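Listed here are the chains, written in short residue letters.
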Amino acid sequence: MSFYRKFLSSVKDLKSNLSKDPTTMDNVSGAIAAEFLIFVSLILAALFLRHINAIASIVVVILAAVLAFTNMPLASKVKSEQSDSLEKMSFYIIITLGVLVALIYWGLKYV
Amino acid sequence: MNYLIPLLVVIPILSALIVNIFDGKDKTVKAISLVLGILVPIIAICATVGVQYFGGHNPSLLTSSLPANLVNTLVAGYNTGIVYAFANIERIFIFLMGIVAFLAILTYFSEKKEVSGPYLYLIFMGLASVIALLLSEDIFNMYVFFEITALTQVGIIVASSTEDNYEIALKYLILGAIGGPMLLLGIGFILGTIGSVNIADIIFVISNKFVQPYSPGLVIGFALILFGWLYSAGLPPFHTIKSAVYSKARPNGSAILQGFSVLCMLAFGIAMYKIFAYIPYFNTAIIVFAILAMVLGVAMSAMEVDFRRMIAFLAVGELGFIALGFGIGTQMSIAAALFQAANEIVITAMLFIGFGSVYYLTNTSDTRKLGGLIGIDSKMAIMVLLGGWALAGVPPFNGFQSKLMLVQAALDAGYTELAILAIIVSVVIFFTFVKAFHNVYLQPKPSELKFVHDKIPKVTVFAVAILLIICLVLGICPNIVTDVFIPFAGGLI
Amino acid sequence: MVMDIQLASLFASGALIVIGLFAAIFIDNIIKKVIGIAFIEEGVNLFLICLGYKAGGVVPIYLPGMTADWFAANSAYPLPQALVLTSIVIGASTLAVMLALAMVLYRKHGTLSTKEILGDEK
């Protein structure tokens, strides 16, 4: 009987460990939907470049497709970067601030 | 002089102060806040379109009293005081926000025996400041009211006594203390270049080439104000904290908080569009953040198991649709963005209050632990389902009309990719919502599920029903609002 | 005079903002973070005040005996001063709320480290 209990508890442990990972939790359908959405939007965003240069957009679309395929569980990677930790949030915020100011200031100098 | 315009701001502030004074006397507080709460939408309907010059500083009247050497100069036309402009578009948004706030207060009363004066104070103060934000024609005044809104948002989370609410409140404040001062710095750059903070004056100076349109001060001002706009609206990179904020408040609080964010986004978005639309890549910059908000918000909500966080992320994703409309920048797309904003205030509030009734019943929001709730109140379940359809854009609801308008505008403008993306995102929203609905209402009830309350208060059902009726009316007769939005958008371009 | 007072204050405000941003992002202790945030706010206020500065100018109050032309040529620009007054009040109230929250969280967690209180622990 004690062996059975041990087995049961180990299964429970395994289950609780697994449920922290978004690809193995109960919410598999959600993770797959998110995966498709991110993949499709990457390709569409790359296609958006055609307003600037058609050839560049073809190259970027193929590149984005290959890179996205080879790094496939994208959704879990995206999710782990969007956590509630203050460090990650402030990192992205400060990066955005820097990129925005730099791009807009130096970008418009040559208009 | 139209005294009803300043009253739109004065009455909520006054009611905030009064309910705070009468804290402890529940009946008085309830009566006062209900009476004053319904007064805001009524005034919004009754007030006539007009402009309010505070201190009587009407520049066209002042020209006669100016010294001779100042007549016909640039300074003569400057507004020397704060100006509030009230047009039909403000009427629609203030009316919708007032209704949402009133219904949220109503549900708060029904779910709590003793009411808290300070909590109502925060709600009214926030309402006053977003209304002022919409009315104001002065970017510094907008900044001030925006900071008051942010503080009241923090206050509402702190007062909500959910788990981890203090942590989220402090995070929001710390990140806001980076976003807010940057917005102010941008306003400072504009002030330093132009010498006025009034939007009409700024446009006049720029369009008549009194300053270099690409002078460094204006350009950096634009970058910083754009960053501040991202913070005020909760677009990426602020989407995680904004959704955390929504999910940590009580359901009625979240309904109000998201309305505040939409109005902040709208007020600053319109101001930015008026001032900076001449800058090349202005539209591209906004479209980038719109796509990020749509994709990240909806993808995160699809992976979420906590339904309050899920709706919060969906709310952020919907903000992306509004930003997309502004980014495409044609008359129809901006009108669609405004229509989408009006719809989002109502639909998301309805979902927060409707789904919030589940949290009220069971005190949990984890969809894995829930199930079978359709047996408790099937009317509520059906209304929540219809609300989710409205959010995803299923006819005949208002979400369908605004998204159709947006997709058509994107196609007309030649952005086929954006139209496809908008449709795909809507499909995922639909999927996410139906999945959560199935988990909460339809799957078999787990045995360990315990109920805190047995019944949903009638008032909550009533509030959700009213919001659903607004959705239906706007969906069947979109002309009520689009007749206002389309000319307004035409004037912006 | 080596450097114009206005230019010097602009540099000072830039330095305050950069130091504040550094502290608000990289320092782990919540109280020090809040001090950094106060630096950002004060830097922005100093920047706004600089905009209205006029070397050798007078207080923008119209007193008897001044001619309108002289006053217009010599007075400082009053608008930024009025704005800064409001912005100081907002900054102070934000700071107060932040410190209050820091106090509550210190009682709850027994530490002031951001990593432990505001981290990813959930």
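### Regarding the confidence of the model for chain A
Here is step 1 of the chain: Of all residues in chain A, 81% have pLDDT values of 70 or greater, and the mean over the chain is 79.
Here is step 2 of the chain: No element of chain A has a lower mean pLDDT than helix α1 (residues 2–18) of chain A, at 66, and none a higher one than helix α5 (residues 86–109) of chain A, at 88.

### Overview of the pairing of strand β1 (residues 50–53) of chain B
Within a regular strand, side chains alternate between the sheet's two faces.
All names here are of chain B.
Here is step 1 of the chain: Of the two faces of β1, only one is covered, namely that formed by G50 and Q52; the face formed by V51 and Y53 stays uncovered.
Here is step 2 of the chain: In this structure, β1 lies alongside strand β2 (residues 83–86), joined through four bridges in antiparallel fashion. Residue G50 lies in a different strand from β2, and its bridge partner there is F86.

### With respect to unusual backbone geometry
Residues and elements named next belong to chain B.
Here is step 1 of the chain: Looking along the chain, the bond that leaves P236 and enters P237 is cis, with omega of 5°.
Here is step 2 of the chain: Structurally, the position occupied by P237 is in the loop between α9 (216–233) and α10 (239–248).
Here is step 3 of the chain: Looking along the chain, the bond that leaves P395 and enters P396 is cis, with omega of 5°.
Here is step 4 of the chain: Here P396 lies in the loop between α15 (378–392) and α16 (398–412).
Here is step 5 of the chain: Phi is positive for D164, which is not a glycine, with a value near 65°.
Here is step 6 of the chain: Along the chain, D164 turns up in the loop between α6 (139–158) and α7 (165–194).

### Things to note about the interface of chain C and chain B
Here is step 1 of the chain: Facing 34 residues of chain C, the contacting portion of chain B comprises 30 residues.
Here is step 2 of the chain: Summed over both partners, the interface of chain C with chain B buries about 2800 Å², with 82% contributed by carbon and sulfur atoms.
Here is step 3 of the chain: When the area that chain C buries against chain B is broken down by residue, the three leading residues are I90, L101 and L118 of chain C, summing to 19%.
Here is step 4 of the chain: Connecting chain C to chain B are one salt bridge.
Here is step 5 of the chain: Here K108 of chain C ties to E167 of chain B by a salt bridge, and the two come within 3.2 Å at their closest N and O atoms.
Here is step 6 of the chain: At the boundary of chain C with chain B, the tally comes to three residue pairs in polar contact (both at pLDDT 80 or more).
Here is step 7 of the chain: Elements supplying a minimum of two residues to the side of chain C that touches chain B: α1 (5–26), α2 (30–51) and α4 (78–109) of chain C.
Here is step 8 of the chain: For the side of chain C that touches chain B, the element with the most residues is α4 of chain C, which contributes 15 residues.
Here is step 9 of the chain: For the side of chain C that touches chain B, the residue count by class is 22 nonpolar, seven polar and five charged.

### Examining the packing of helix α14 (residues 331–362) of chain B against α16 of chain B
Residue and element names in this part refer to chain B.
Here is step 1 of the chain: The N-to-C vectors of α14 and α16 enclose an angle of 155°; their axes lie 8 Å apart at closest approach. Judged by the inter-axis angle, α14 sits roughly antiparallel to α16. In the crossing of α14 with α16, the sense of the turn from one axis to the other is left-handed. Residues M332, S333, A335, A336, F339, Q340, N343 and I347 of α14 lie in contact with α16, whose contacting residues are N398, G399, Q401, S402, K403, M405, L406 and A409.

### Observations regarding the environment of L296 of chain B
Here is step 1 of the chain: Relative to the helices and strands, L296 of chain B is located in helix α12 (residues 282–303).
Here is step 2 of the chain: Separated by 60 residues in the primary sequence, L296 of chain B and G356 of chain B place their C-alpha atoms 24 Å from one another.
Here is step 3 of the chain: Not counting residues up to four positions away in its chain, the partners in contact with L296 of chain B are V78 and Q82 of chain A together with H239 of chain B.

### Re the nonpolar core
All names here are of chain B.
Here is step 1 of the chain: F93, W229, F326, F355 and F485 are the most contacted members of the largest nonpolar core, which has 253 residues in total.
Here is step 2 of the chain: Broken down by element, this core gets its largest block of residues, 20 residues, from α14.
Here is step 3 of the chain: For F485, the residues in contact, after removing those within four places along its chain, are I89, I92, F93, A335, L338, F339 and A342.

### Here's the deal with the interface of chain B and chain A
Here is step 1 of the chain: Taken together, the contacts link 49 residues of chain B with 38 residues of chain A.
Here is step 2 of the chain: Together, the buried faces of chain B and chain A total about 3800 Å²; carbon and sulfur atoms form 80% of this surface.
Here is step 3 of the chain: Joining chain B to chain A, the criterion identifies two salt bridges.
Here is step 4 of the chain: A salt bridge links E417 of chain B to R50 of chain A, with the nearest nitrogen and oxygen atoms 2.4 Å apart.
Here is step 5 of the chain: The interface formed by chain B and chain A contains six residue pairs in polar contact (both at pLDDT 80 or more).
Here is step 6 of the chain: Contributing elements (two or more residues each) for the side of chain B that touches chain A: α7, α9, α10, α12 and α17 (416–442) of chain B.
Here is step 7 of the chain: Broken down by element, the residue count for the side of chain B that touches chain A peaks at ten residues, all from α17 of chain B.
Here is step 8 of the chain: Broken down by class, the residue content of the side of chain B that touches chain A amounts to 39 nonpolar, four polar and six charged.

Cut-offs and rules
Residues numbered from 1 in each chain as written. Chains lettered and ligands numbered in written order. Predicted model: local features only at pLDDT ≥ 70, side-chain atom pairs only at ≥ 80, totals over all residues. Heavy atoms only, no water. pLDDT = per-residue confidence, 0-100. Helix = DSSP H or I, 4+ residues; strand = E, 2+ residues; numbered from the N terminus. Buried < 20%, exposed > 50% of the residue type's maximum accessible area, 1.4 Å probe, protein only. Pairing = 2+ DSSP bridges. Contact = heavy atoms within 4.5 Å. Buried area = accessible area lost by both parts, 1.4 Å probe. Salt bridge = Lys/Arg side-chain N within 4 Å of Asp/Glu carboxyl O. Polar contact = N/O pair within 3.5 Å; in protein donor to acceptor, adjacent residues only side chain to side chain. Nonpolar A, V, L, I, M, F, W, Y, C, P; charged D, E, K, R; others polar. Axes fitted to C-alpha atoms, helices over the stretch in contact; angles between N-to-C directions. Parallel < 35°, antiparallel > 145°, perpendicular 65-115°, else oblique. Left-handed = near helix turned anticlockwise from the far one by under 90°. Core = buried A, V, L, I, M, F, W, Y, C linked by side-chain atoms within 4.5 Å.

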